[in-house]
Every structure is written in C-alpha cells, then in structure tokens.
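Okay, here's what each chain looks like letter by letter:
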Amino acid sequence: SDTLCRMSRLFRIALKSPDRCMAGKGLMCMMLVALMLSGAACRRASAPDYVEYHAPSAGHWDTLDELVYHPHIPGQKETTPESYDLVITVRYSGRVSGRSLDLVLAASSGGQEIMRDTMAVRLADDNGRMLGKTSYSVYTVSQTLLPGIHVPRSYEVSLRPARAAGIDGVNNIGLSLIKRD
C-alpha cells in the first residue's frame, strides 16, 4: 500500500506539472511494470490435489513398518490425462538419527508392481544443520519423488526405511500430488 500511495502521488504531480509530465509518466510506467513483475514473482505454487500423511511407529521407524498411501484425484475414474508430481514431505525432530532418510519406494496399480526404487531425502547438511522449515523444533522438508506421472485409478505407494537399523526422530510423512504446469 505504501508503494501504491507513492505511485498515486507521482501520478498527481505528473498531471499538474507539464514540464514534469513526461518524466512522471515514464517513472509511472516503470513502477507499474515493476509492480506487475513482483506480483507475478509472488505467484503461489498450485495447491495439491491430494495429500495424505502417516506417522511411523512411536519414536522409531524400522524396515518392517511400511507406510501405505493411496494417491488419487477426487472423482478420478481412469488414469489421469494430466501430469502430476508425487511429492514427499517429511516432518522430523532435531534428534533424527541420520542426515538423510533413505527410503524404499514401491508403487503398484491393480495389484501389479509398477516400480520399486531406493530414494534419499536429505534432512541435514554436511555440517549436521537441519534442512527445511522449522516450527516448535519440528523440521519440515519436501522433495519431488516422481516427477510428471499419470496417476492410475488404483494407485498405491508404500514407503519404508532402507537402512536395516531404521531411523529415529521422524514424526510423520506425507505424500501429495501436484499438477504440473
């Protein structure tokens, strides 16, 4: 609102003073373009069409504790024609037992396994500083797991720790589907 007041004041000055009119109009145009560009830069990412969170067992998540998700788009009857990113969000405490969360991801549709892969989500940098946003000593980090997928109707994704020892300090894990632009 401060910027709009200044722009309004400059516009009034430009209209009252003929000799400043050209300079005022040029300045006004530049300010208007800057305002439009800053508005475009602040454009929010599209909201997810699906979000589901699960919490691992209290305090420790081991390889036998598999988290199962059923990503779908509301009203979906077939495989989506649109392309989506499958994004993981990990919420964890500062006492997490590792710099990364190594996961075994398995995806299936209609009981048939589509893919199985091991993926890592970085939780801390090389100096041990926690990554992501923090609120009340809970850190949140997000990462795209599968970019540009077409989601089958009966899609199922399971996650479990890849390390045999499991991991401590993970509060919950969410999966979301975000439509690609």
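Cut-off values and rules
Residues numbered from 1 in each chain as written. Predicted model: local features only at pLDDT ≥ 70, side-chain atom pairs only at ≥ 80, totals over all residues. Heavy atoms only, no water. Helix = DSSP H or I, 4+ residues; strand = E, 2+ residues; numbered from the N terminus. Buried < 20%, exposed > 50% of the residue type's maximum accessible area, 1.4 Å probe, protein only. Contact = heavy atoms within 4.5 Å. Pairing = 2+ DSSP bridges. Axes fitted to C-alpha atoms, helices over the stretch in contact; angles between N-to-C directions.

K.L.:
Could you clarify how one ought to interpret the overall build of the protein chain in this entry?
P.N.:
For the protein chain, the count of helices and strands is 2 helices and 11 strands. Along the protein chain, helices (α) and strands (β) appear in the sequence α-α-β-β-β-β-β-β-β-β-β-β-β when read from the amino end. With 181 residues in all, the protein chain has 34% of them scored as buried. Partitioning the intrachain contacts of the protein chain with sequence separation of at least 6 by distance along the chain shows that 75% fall at a separation of at least 24.

K.L.:
Where do I start with unusual backbone geometry in this structure?
P.N.:
Apart from glycine, the bulk of residues carry a negative phi angle, and the bulk of peptide bonds sit in the trans form. The backbone of Tyr136 sits at a positive phi, close to 55°, despite the residue not being glycine. The topology assignment puts Tyr136 in the loop between strand 7 (133-135) and strand 8 (138-149). Even without being glycine, Ser137 reaches a positive phi, approximately 65°. Checked against the element boundaries, Ser137 lands in the loop between strand 7 and strand 8. You can call Ser137 exposed: its relative accessible area is 55%.

K.L.:
Is there a simple way to think about the pairing of strand 8 in this case?
P.N.:
When a strand is regular, its side chains alternate between the sheet's two faces. Here strand 4 (residues 84-93) pairs with strand 8 via 9 bridges, running antiparallel. By the bridge assignment for strand 8, Thr89 is matched with Ser142. In terms of strand pairing, strand 7 meets strand 8 through 3 bridges, oriented antiparallel. Its bridge partner being in strand 8, Thr134 is matched across the sheet by Tyr139. Here strand 7 hands over to strand 8 after 2 residues, with Tyr136 in that stretch at a positive phi of 55°.

K.L.:
How do you make sense of the sheet that holds strand 3 (residues 67-69) when you look at a structure like this?
P.N.:
Sheets are built from strands paired through backbone hydrogen bonds, the pairs being either parallel or antiparallel. Strand order in the open sheet formed by 4 strands is 3-9-5-6, and the pairing between neighbours is antiparallel. Edge positions in the open sheet fall to strand 3 and strand 6 (112-122), since each of these has one partner strand only. Averaged over all adjacent pairs, the angle separating strand axes in this sheet is 20°, with direction ignored. Note that strand 3 and strand 9 (residues 155-161) share 3 bridges and pair antiparallel. Along strand 9, the bridge assignment pairs Leu67 with Leu159.

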